[in-house]
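As a plain string of letters, each chain reads:
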Amino acid sequence: MNTRLQLVFDRLAKFNFTLDPNKIQICKTNITYLGCNISANGYAPSEDNIQKVTKFPVPQNVKQVQSYLGMMNYFRHLIFIYAEVVEPIVNLTRKGTPFVWSENCQDEFNVMQEIILNKPTIKNYDESKPLFLTTDASKVALCAILLQKDGENLYPIEFFSKQLSPSERNYPSISRELFAIFMGIKHFREYLYGRHFYLLTNAKSLTYHMNLDKQPDIVKRWLLYLQDFSYNIDHIKGCDNPADFLSRMQIEDVEVNNLFHMGDQLSHSNIKLCQSMDSCTSEIIKRIEEKDSKTCQKYFIDSYTGLLMIKINSGKDQILNKIYIPRNLVRDCLLVAHAPHFGVQKTYDFIKIKYFWPGMYADVNNFCENCCNCMQNKPKRKTITHSIPKHHLAPGEFLAIDIVGKLPRSVDNQNYILTIVDHYSRYLEAIPIPNTTSNTIIRHLNYYFSRFVLPKYILSDNATYFKSDEIVKFYESLRIEHRKSSIYYPKSNGLMERTHRVLKESVASISQKVHDW
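Quick caveat, the model's predicted, so the values are computed rather than measured. (Residues numbered from 1 in each chain as written. Predicted model: local features only at pLDDT ≥ 70, side-chain atom pairs only at ≥ 80, totals over all residues. Heavy atoms only, no water.)

Taken together, the buried positions of helix 16 (residues 344–352) are occupied by V344, T347, Y348 and I351. What you see down the axis of helix 16 is that its buried residues fit within an arc of 100°, all on one side. For helix 16, the secondary structure elements touched by its buried residues are helix 15 (330–337), strand 12 (355–356) and helix 17 (360–369). (Buried < 20%, exposed > 50% of the residue type's maximum accessible area, 1.4 Å probe, protein only. Helix = DSSP H or I, 4+ residues; strand = E, 2+ residues; numbered from the N terminus. Arc of directions from axis to C-beta. Contact = heavy atoms within 4.5 Å.)

Next up on the list: the pattern of salt bridges. Applying the stated criterion across every chain, the model contains 7 salt bridges. One salt bridge connects E168 with K162, and the closest N-O pair in it is separated by 3.0 Å. Residue E429 pairs with R451 through a salt bridge whose shortest N-O separation is 2.7 Å. Here E429 is found in strand 15 (residues 428–433), whereas its partner R451 is found in helix 19 (residues 438–451), with 22 residues between them in sequence. When its relative accessible area of 10% is taken as the criterion, E429 is described as buried. (Salt bridge = Lys/Arg side-chain N within 4 Å of Asp/Glu carboxyl O.)

Attention now goes to the pairing of strand 6 (residues 153–163). As paired strands, strand 5 (residues 141–150) and strand 6 are joined by 10 bridges and run antiparallel to one another. Paired with I145 across the bridge in strand 6 is F159. Counted along the chain from strand 5 to the antiparallel partner strand 6, the turn is 2 residues long, and its residue G151 has a positive phi close to 70°. (Pairing = 2+ DSSP bridges.)

Quick look at the pairing of strand 11 (residues 319–324) now. As paired elements, strand 10 (residues 308–313) and strand 11 share 5 bridges and run antiparallel to each other. Its bridge partner lying in strand 11, I312 is registered against L320. Strand direction decides the pairing type here: strand 11 and strand 12, joined by 2 bridges, are parallel. Pairing of I323 across the sheet is with Y355, part of strand 12.

Structure, rendered in structure tokens:
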């Protein structure tokens, strides 16, 4: 210790630095510096900062939300999956989003308060020990954890998480995994550059994907950046990956809640009330309170919401926790999930992400089969299937485009829908347009290309607006090969025709009025 202090003092004297005795602390086992308590065991938020967080009032407007997030961002490196936890609160700051402090926001606010109150502690970095980096990505966020090994156990040095932008959420799953590795290494560059480390991932095909000859330009830039580092890639199971928050959190639930308002009937407070009144769920709650071992193996009471939860085995060595819906709320849940009037399987998939009740699939099937709007707007399906050969080379390289309309003029003066489908991923974009002029089509295609990649091939029908001189020159300038489907033979562009069928059915079912689409 004395030798280290002498080296520090010698360095300060060499460059003529002076120290104020009232502002320095020497030979102490615990100090507070930059809002953190630092000791030999690691560092954690100071007591003053913990009090500031726990006493912060519930935000009443966007400005207060921004102040709260600015304060919490200072501790994000101490909090596992921080970006995932605060996402509902962050969404309130987005442009055009009305300020509604929902129950979901309050739940996440309480979770953050609880995390800080428990004083999260991170161990100090040790140069003599090997480094491990584990990463994972979901549909809405990515996570990276820098680890070191103490004997046989790994312990965290720092956490990193990031919400994905709308365009990043459209990446294929394997590209999101690679993006998580790129962002994790970039964030921890000061630790990893010049040192050999071990990269832990549950994406088994990642090594093969990184060695492909043909890659999108953005992936090539990621791989070029990774060449500056020395690492080994080790595969681990998803259940063994501490960054694999996909197995612990219901990620897809965020997307469903963004599309459909759950309503007061499915609020946590109302579900809790109905659970206490329902004969079946109230009996289970009573057994849990009596600590019945058999009941507690399958059910539990959530500590944050007070809701009755059930443990579901997913069949992949994962246990998913879902809210047990009492019988008198089943119809409300079905109404919300079937709002876009999708089929039985999609409606069931929406519900099973977060909820459970006995006989759920049978109830969903019966509800969808007897939906009046679906029976009026959806024709009976034909069971004939055709094998369609794949002509794509990679995501985004082969697009099919078409125009739906002319439709009744909408309230915002739109008459047509320009549809763009990627043959590889089946990703669809439906863009309302006022007319079918070449300038309008080119403008929206340019906007699509700016968010993704330039395609090599575009398939369309033989409509005049797809064969104009302006369109031809536009394709030639971007070196895009324009292919046209056979005349009077819709099957030559079957993917687009099938997409139009589903699109028209959904628009007709959702629209309350002719001009409301």
